[in-house]
Amino acid sequence: MSNNMMNPTDFSFYYQTEKYTRDDNFLSNHRLSGEKIQFLTALFGINNNSKIALNDYGKDESQKRTLSRTVYQKTMVEMDRDFGLLTIIDSLNESYTQVLNKKAFLKNTNGERYIELPNVSTFYQYFLGGIEYVDVLLCQ
């Protein structure tokens, strides 16, 4: 793998999985891609200042949902943009240069864990936080 390419992994979570699956199915049926659904959900999270920690909530396998790394691999330019944008918005009180150079567009080219990169972690925390808000909107 090239030094400037992200090495993604699957992202598994246990938070609001039933709601996310229902919303993902609905939005997919209306021709939204996986990347767009994830970005929309993360935008709802940041808009509502809802950031959920990336932990496993007890690892109840019946509630597990996995977002495949292939979504990233198929839309890496868009996902890198999404990770960066959410990180920039989340870091408005920090130095713009520091955020751009040390957070927003990092890649795990030196063996860092994908989900622990600040930009990826920030994105998925807001993604989890947005699930409830997307579900409320779609269920009205």
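Residues numbered from 1 in each chain as written. Predicted model: local features only at pLDDT ≥ 70, side-chain atom pairs only at ≥ 80, totals over all residues. Heavy atoms only, no water.

1. Examining helix 1 (residues 17–29)
In an α-helix, one full turn covers 3.6 residues, which means residues spaced three or four apart are oriented alike.
Phase 1 of the analysis: The terminal C-alpha atoms of helix 1, which comprises 13 residues, lie 18 Å apart, in line with the 18 Å expected from a rise of 1.5 Å per residue.
Phase 2 of the analysis: Where helix 1 is concerned, the buried positions are T17, Y20, D23, D24 and L27. Axial view of helix 1: buried residues confined to an arc of 130°, hence all on one face. In helix 1, the exposed positions angled more than 90 degrees off the buried face are occupied by E18 and N29. (Helix = DSSP H or I, 4+ residues; strand = E, 2+ residues; numbered from the N terminus. Expected span 1.5 Å × (residues − 1). Buried < 20%, exposed > 50% of the residue type's maximum accessible area, 1.4 Å probe, protein only. Arc of directions from axis to C-beta.)

2. Quick notes on the nonpolar core
Phase 1 of the analysis: Counting 26 residues, the largest nonpolar core has F11, F13, F83, V120, Y124 and F127 as the members making the most contacts within it.
Phase 2 of the analysis: Mapped onto this core, the elements with two or more residues apiece are strand 1 (11–13), helix 1, helix 2 (34–47), helix 4 (76–90) and helix 6 (118–139).
Phase 3 of the analysis: Broken down by element, this core gets its largest block of residues, 8 residues, from helix 6.
Phase 4 of the analysis: For F127, the contacting residues outside a window of four places in its chain are F11, F13, Y20, Q38, T41, A42 and L67. (Core = buried A, V, L, I, M, F, W, Y, C linked by side-chain atoms within 4.5 Å. Contact = heavy atoms within 4.5 Å.)

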